[in-house]
Amino acid sequence: MTGNGRPMTRYIRHAAAFCALLLIALLVNATRIQLVQARSYDENPANRRHTIARYGQPRGDILVGGRPVTGSKDSGQQFRYERTYRNGPLYAPVTGFSSQVYGTNLLEGAEDDVLAGTDPLLSPLPLWNDFTRSRNPGGHVVTTLDPAAQEAAFAGLGDRRGAVAALEPSTGRILALVSTPSYDPEELSGTDSAVARAWTRLNQAANKPMLNRAVRQTYPPGSTFKVVTAAAALDAGVVEDVDEPTKSRDPYRLPGSSVRLTNEVEGCADASLRYAFTWSCNTVFAKLGVDVGVAGMRAGAAGFGFNERQLRIPFRVSPSTFDTRVDQAQLALSSIGQYNTRATPLQMAMVAGAVANNGSVRTPHLVERTTTDDGHTVSATGQRTLRQAMSPATTVQLRELMTDVVERGTGKNAAIPGATVGGKSGTAQHGIHNSGTPYAWFISWAKADDAMEPAVAVAVVVEDAEADRGDISGGGDAAPIARDVMRAVLTP
Amino acid sequence: MDCFACYVPDMLSPGTTAQADPPAPVVPLPRRRGIEFTLIVLAVLLSVYGYCDVGVARTGSVPPGAVGYGAGLGVLALLAHLAVRVRAPYADPLLLPIGVLLNGLGLVLIYRLDLETPDDPAAPTQLVWSTLGMGLFIAVVVLLRDHRVLQRYTYVSVVSALVLLVLPIFFPSVNGARIWVRVAGFSIQPGEFAKVLLAVFFAGYLAANRNALAYTGRRIWRLQLPTGRVLGPILAIWLLSVGVLVLERDLGTSLLFFGLFVVLLYVATGRTGWIAVGLLLAACGAVAVGWLEPHVHSRVEDWLHPFASIEAGLGPNQLAQSLFSFAAGGMLGTGLGLGHSVLIGFAAKSDFILATAGEELGLAGLSAIFLLYGLLVERGYRASLALRDPFGRLLAIGLASIVALQVFVIAGGVTGLIPLTGMAMPFLAQGGSSVVTNWIIVALLMRLSDSARDRSGTGAATAAATATATATATAEGIEGGGKP
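Residue indices begin from 1 for each chain and proceed along its sequence in written order. Note on labels: chains are lettered from A, ligands numbered from 1, in written order. A pLDDT threshold of at least 70 governs which residues receive local features in this predicted model, and a stricter bar of 80 or more applies before side-chain atom pairs are shown or counted, although totals over entire chains, interfaces and linings include all residues. Calculated side-chain values reflect all of the structure's heavy atoms, with hydrogen atoms and water omitted.

The way it works is that DSSP assigns letters per residue, a run of H or I at least four long becomes a helix, a run of E at least two long becomes a strand, and they are numbered from the N terminus. The secondary structure content of chain A amounts to 17 helices and 18 strands. The reference for a compact globule is 2.2 Å times residues^0.38; the radius of gyration itself is calculated from the C-alpha atoms. In terms of overall dimensions, chain A is more spread out than a globule: its C-alpha atoms have a radius of gyration of 30 Å, far above the 23 Å expected for 492 residues. Overall, the C-alpha framework of chain A stretches about 130 × 50 × 40 Å when taken along its three principal axes. Expressed as a percentage of the 492 residues in chain A, the buried residues total 56%. Contacts were defined at the residue level, with two residues in contact if any of their heavy atoms lie within 4.5 Å. Restricting to contacts in chain A with at least 6 residues of sequence separation, those with at least 24 account for 69%. The sign given to each residue is positive for Lys and Arg and negative for Asp and Glu; His and the chain ends receive no count. All charge positions are set by atom: Lys at NZ, Arg at CZ, Asp at CG, Glu at CD. Of the side chains in chain A, 49 bear a positive and 48 a negative charge, and the two mean positions are spaced by 10 Å. For each residue, the accessible area found with a 1.4 Å probe, counting protein chains only, is set against the maximum for its type, and the residue is called buried under 20%, exposed over 50%, and partly exposed in between.

Turning next to the sheet that holds strand S18 (residues 456-462) of chain A. Residues and elements named next belong to chain A. Pairing within the open sheet is antiparallel, and its five strands lie in the order S9-S8-S18-S17-S16. Unpaired on one side and paired on the other, strand S9 (174-180) and strand S16 (419-428) mark the two borders of the sheet. Direction aside, neighbouring strands of the sheet carry axes that sit 10° apart on average. Only strands that DSSP links by at least two bridges are regarded as paired with each other. The pairing of strand S8 (residues 162-167) with S9 spans six bridges and is antiparallel. Of the residues in S9, the one forming a bridge with Ala166 is Ala176. Note on method: axes are straight lines fitted to C-alpha atoms, helices fitted across the in-contact stretch only, with angles between N-to-C directions ranging 0 to 180 degrees. Where helix H16 (residues 392-408) meets the sheet, it contacts S16 and strand S17 (439-448), and its direction lies at approximately 80° from that of S16.

Multiplying 1.5 Å by the residue count of a helix minus one yields the expected span of that helix. When the terminal C-alpha atoms of helix H14 (residues 353-386) of chain B are compared, their 34 Å separation across 34 residues is substantially less than the 50 Å that a helix rising 1.5 Å per residue should span. Each residue is assigned a bend, namely the angle between axes fitted to the seven residues that terminate at it and the seven residues that start at it. Bending of H14 of chain B peaks at approximately 125° at the position of Gly362 of chain B.

Here we come to the interface of chain A and chain B. Taken residue by residue, the interface counts 38 residues in chain A and 61 residues in chain B. Simply put, the buried area is the total loss of 1.4 Å probe accessible area from both parts when two parts are fitted together. Carbon and sulfur atoms make up 66% of the surface buried where chain A meets chain B, a total of about 4200 Å² over both sides. Only one rule defines a salt bridge in this text: a Lys or Arg side-chain nitrogen within 4 Å of an Asp or Glu carboxyl oxygen. Inspection of the region where chain A meets chain B yields one salt bridge. A salt bridge links Arg49 of chain A to Glu359 of chain B, with the nearest nitrogen and oxygen atoms 2.9 Å apart. Two N or O atoms count as a polar contact when they lie within 3.5 Å, although within protein this holds only if one can serve as hydrogen donor and the other as acceptor, and sequence-adjacent residues are included solely when both atoms are side-chain atoms. Taken together, the links from chain A to chain B amount to nine residue pairs in polar contact (both at pLDDT 80 or more). For the side of chain A that touches chain B, the elements supplying multiple residues, two or more each, are helix H1 (8-36), helix H2 (38-42) and helix H3 (49-54) of chain A. If you tally residues by element for the side of chain A that touches chain B, the top one is H1 of chain A, at 22 residues. In terms of residue class, the side of chain A that touches chain B is made up of 19 nonpolar, twelve polar and seven charged. Here the nonpolar group is Ala, Val, Leu, Ile, Met, Phe, Trp, Tyr, Cys and Pro; Asp, Glu, Lys and Arg are the charged ones; every other residue, Gly included, is treated as polar.

To continue, consider the pairing of strand S7 (residues 140-143) of chain A. Residue and element names in this part refer to chain A. Going residue by residue along S7, you find His140 and Val142 tucked away on one face and Val141 and Thr143 tucked away on the opposite face as well. As paired elements, strand S1 (residues 62-64) and S7 share two bridges and run parallel to each other. Along S7, the bridge assignment pairs Ile62 with Val141. Pairing of S7 with strand S13 (residues 367-371) involves four bridges; the strand directions are antiparallel. Bridge assignment links His140 to a residue of S13, and that residue is Thr371.

The next point concerns the packing of aromatic side chains. Stacked, tilted and edge-to-face are the three classes applied to pairs of Phe, Tyr and Trp rings, where Trp contributes its six-membered ring and a pair requires centres within 6.5 Å; stacked means planes under 30 degrees apart, edge-to-face means over 60, and tilted covers the rest. If you walk through the whole model with that rule in mind, you get 20 aromatic pairs over all chains. Where Tyr155 of chain B meets Phe201 of chain B, the ring centres are 5.9 Å apart and the plane angle is 70°; that geometry is what we call edge-to-face. Of the two residues, Tyr155 of chain B sits in helix H6 (residues 154-166) while Phe201 of chain B sits in helix H7 (residues 190-214), which places them 46 residues apart along the sequence. Through a chain of ring-to-ring contacts, three or more aromatic side chains come together here, namely Tyr155, Phe201, Phe202, Tyr205 and Phe261 of chain B. Directly above the ring of Phe277 of chain A sits Lys424 of chain A, whose terminal nitrogen or CZ lies 5.7 Å from the centroid. In this scheme, the term charge over a ring applies when either NZ of a lysine or CZ of an arginine sits within 6 Å of the ring centre and within 35 degrees of the ring normal.

Another point: the state of the cysteines. Residue and element names in this part refer to chain A. In this description, a disulfide is simply a cysteine sulfur pair whose atoms lie within 2.5 Å. Counted under the stated rule, the structure contains one disulfide over all chains. Disulfide pairing is shown between Cys268 and Cys281; the S-S distance is 2.0 Å. Measuring the twist about the S-S bond at about -75°, one finds the Cys268-Cys281 disulfide to be left-handed. Separated by 13 residues along the polypeptide, Cys268 in the loop between strand S11 (260-261) and helix H12 (273-279) and Cys281 in the loop between H12 and helix H13 (282-304) bring together distant segments of the chain. The exposure classification of Cys268 matches that of Cys281, with both residues buried.

On to unusual backbone geometry, then. Geometrically, the link from Thr180 of chain A to Pro181 of chain A is a cis peptide bond, its omega value of -5° lying close to zero. Mapping Pro181 of chain A onto the fold places it in the loop between S9 and helix H9 (193-204). For Lys247 of chain A, which is not glycine, the phi dihedral falls at a positive 55°. The backbone of Arg32 of chain B sits at a positive phi, close to 60°, despite the residue not being glycine. Along the polypeptide, Arg32 of chain B turns up in the loop between helix H1 (2-12) and helix H2 (33-59).

With that settled, consider the confidence of the model for chain B. In low-pLDDT regions, the fine details of the predicted coordinates are not to be read closely. Residue and element names in this part refer to chain B. pLDDT gives the predictor's per-residue confidence on a scale running from 0 to 100. Summarising the model, chain B shows a mean pLDDT of 82, and 82% of its residues fall at 70 or more. pLDDT under 50 marks residues 1-20. Its contacts with residues more than four places away, or in other chains, come to 30 contacts. Between residues 457-484, whose pLDDT stays under 50, and residues either more than four places distant or in other chains, the model counts 44 contacts. Predicted complex metrics record ipTM = 0.87 and pTM = 0.74.

Inspection of the secondary structure assignment puts Glu407 of chain A in helix H16. Separated by 65 residues in the primary sequence, Glu407 of chain A and Arg342 of chain A have C-alpha atoms spaced 28 Å apart.

Our focus in this paragraph is the sheet that holds S1 of chain A. Spatially, S2-S1-S7-S13-S14 (chain A) is the arrangement adopted by the five strands of the open sheet, whose pairing is mixed. The open sheet terminates on both sides in strands that have one partner only, identified here as strand S2 (67-68) and strand S14 (377-380) of chain A.

Before going further, it helps to examine the packing of helix H10 (residues 272-292) of chain B against helix H11 (residues 294-304) of chain B. Residues and elements named next belong to chain B. At a closest axis distance of 5 Å, the pairing of H10 and H11 adopts a crossing angle of 100°. Between H10 and H11, the angle is such that the two are roughly perpendicular. Contact residues: Val289, Gly290, Trp291 and Leu292 in H10; Pro294, Val296 and His297 in H11. For the contact of H10 with H11, the per-class residue count stands at five nonpolar, two polar and no charged. If an angle is under 35 degrees, it is roughly parallel; if it is over 145, roughly antiparallel; if it lies from 65 to 115, roughly perpendicular; otherwise it is oblique.

As structure tokens, this is what we get:
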């Protein structure tokens with residue numbers, strides 16, 4: 001039947017069912033994107049929510065000597081809080097930068113979780129923030145730096161290229177970490193076009209201001225490596241008395257080669273270890289290295305931290321190297337800190353520190369502890385012994401040798417009244433046929449006369465020293481900087 | 001809820017016909033205006049709470065306009081309620097509170113997005129349009145005593161609808177779509193009003209011709225295809241509306257009109273053949289438009305590969321940002337005022353308003369909004385079931401289906417279910433024409449539901465039987481009639 005009898009009700013119900021189907025499709029799809037696929041959408045790199053949240057609150061501070069060297073300012077932009085730095089160039093090798101555009105590095109990068117407030121340890125309760133969808137205020141990072149030492153090192157380097165690393169031998173606390181030329185990391189904060197220009201300029205600059213020379217640049221350590229060779233020779237029993245002649249020739253013909261090694265100073269033929277160390281005889285140490293052998297030299301160098309690839313302070317430190325696949329001639333050169341021997345300034349400070357700390361190397365660290373925004377400790381760095389570099393007996397002899405260098409050898413410039421100072425200078429040649437301007441090195445430690453233990457060990461490298469060839473430039477250019485840094489630490 | 005059940009059984013049993021009705025019962029049904037009042041108060045309080053919540057989340061203090069906002073919305077809702085009490089006492093008690101809640105929530109979301117774009121505040125304008133919309137609601141409820149009057153204007157409606165659809169062609173296009181008319185600083189989307197007029201036309205035309213249309217021509221398997229004679233006018237309307245809309249590049253509205261037409265045709269005739277023809281036409285239209293029209297083609301590409309622009313290094317497009325927004329909301333949302341849906345950029349307050357709801361209210365809030373729309377549609381269908389004149393029934397279905405289809409098209413678009421087509425989320429989205437139209441739709445549904453339940457003898461229900469008979473007789477006699 002047609003007419004009024006057509007059961008429209010039934011079709012209305014069908015249409016209603018169709019509408020219900022549409023509603024269900026919407027609900028199912030909403031569940032899909034809001035729950036099932038939400039994580040992948042959240043983690044899409046083009047999703048700016050994480051970045052917005054990250055910069056939505058002031059970043060925690062990095063503290064030096066109890067005072068923040070960083071800050072945050074409200075820019076009112078989408079990425080709201082921008083990083084500021086107090087004394088940016090001075091602390092740049094420690095803080096690194098925190099940029100809205102270019103990310104973070106050094107401490108800003110290594111301690112980012114704490115500074116940005118995402119570290120779960122900052123939460124009052126586990127999973128609390130997941131539940132409340134809130135974010136902790138950024139925590140603070142308390143460094144081990146001694147501001148006086150840092151300033152002394154920075155002032156000492158001045159406008160020369162170079163780096164200084166200083167640490168406390170008995171703990172491994174890093175007291176100064178300076179690299180010049182430096183830059184102001186605040187230039188990289190924010191999102192405007194000036195940031196991009198600064199980034200390009202800093203990266204293209206010939207003198208590499210963003211390179212952290214103290215931990216990320218390795219140099220041939222030159223004569224400062226003789227501390228390592230001497231320790232290996234004493235430990236291995238190659239030298240039993242530092243005042244005995246070493247039966248070495250001058251000039252010294254490299255084994256298996258016709259190259260003759262000479263010295264910058266007189267009196268090195270058959271010299272004692274004491275004389276050779278004080279006046280830095282290349283011939284003596286080349287011979288001693290060969291006498292100790294590859295295995296002994298490798299073990300000796302590794303004891304100080306060479307060839308260690310995992311060191312973090314907490315940011316990564318470039319590994320210092322002592323090549324072990326060498327022939328005798330190469331071993332001879334390696335033993336006087338040339339050939340493939342390379343070290344960061346921090347590594348050489350660890351060498352000086354080991355001598356000052358009875359032969360044991362403490363793990364160097366830059367962060368004393370991290371705290372919540374209101375000062376409660378989140379984590380603290382404990383003191384750890386990295387390695388025993390040499391026997392305590394050898395240490396006593398090396399201390400004596402290093403003290404001699406400062407008292408009457410090439411390191412007189414490092415002497416400090418009222419303190420015992422031990423040091424070793426170095427001039428490292430580099431470049432093709434050693435054509436580059438030699439690097440001036442000085443490594444040392446200092447003990448105040450009224451103290452039980454040395455309070456500071458330091459390594460200084462100056463890249464563009466006034467090239468007066470010979471150890472004189474290590475003692476002349478680098479030693480005064482080391483002295484100033486050590487004095488800054490010793491002076492309360 | 002017992003009062004719902006009390007009238008349902010005799011009205012909803014399948015096969016009930018006008019003649020089979022019991023002779024005019026005199027016991028009046030409950031009016032349920034108290035329920036409506038309570039729900040309206042809750043809806044207003046909820047909206048004010050949302051408004052305050054935005055302020056507290058953003059600035060830490062209750063926004064200064066909270067009292068004015070609450071009072072404004074409350075007074076408007078109360079006036080509407082009073083109008084209903086006087087002129088449509090038997091109307092469905094859920095329709096008005098749902099409208100108030102969605103409108104209030106929309107204002108909260110727009111106010112919240114205004115905080116991100118201080119130079120371009122949209123909430124005050126939207127409040128003015130909402131006031132106008134609720135004013136028109138009152139006007140419709142007060143002035144339109146019997147919905148069957150509208151059936152007289154079947155052909156006036158279609159002509160006005162077509163004029164309104166064609167009008168924007170003579171105005172410059174805005175953001176790729178020619179759907180705006182700018183008069184004296186006001187932007188109006190005539191297509192929005194055309195929806196209601198087309199619903200009236202379809203209901204009127206189909207109520208008059210449904211039996212003629214139900215004659216089947218050829219039968220293929222189980223599909224009963226309509227005869228060519230009645231296919232003509234329908235094809236003409238389809239071509240006209242779709243043609244006009246493709247010219248205006250407003251695919252969403254085109255889809256809505258067509259879906260509306262197919263639903264009404266099916267309900268009026270019960271012929272699955274119409275569905276087949278409709279789907280075939282829709283498929284042809286969609287493929288042709290998607291292939292030939294670059295604007296639409298790019299929308300389809302975006303839908304298939306929402307992250308293509310990210311992979312190409314151009315950053316996320318609007319749809320990708322919208323998906324990020326929904327995902328950021330998760331189950332419970334970030335809380336009002338704390339999301340970043342503003343990253344969507346252009347149209348965050350209009351087409352993409354749902355993303356803000358999804359991010360800040362979460363899946364929980366979004367589902368609640370979907371269910372509110374679902375309830376609104378359901379009340380429309382319920383009124384249709386209870387009505388006895390075909391025009392009223394079809395009109396109720398048409399109006400409810402407009403809401404359902406519109407919600408599906410835009411919500412499905414911004415959540416990546418279907419290709420994105422620009423449309424306004426009913427009541428929520430910024431857009432004056434849209435909010436006014438939706439209030440008219442709710443007002444008409446109020447009138448229809450009132451007619452459905454008013455058994456006092458003076459209302460539409462008793463007259464409906466006669467009207468139905470007349471309309472049917474006319475339809476059988478005169479092709480394209482429809483004057484009762």
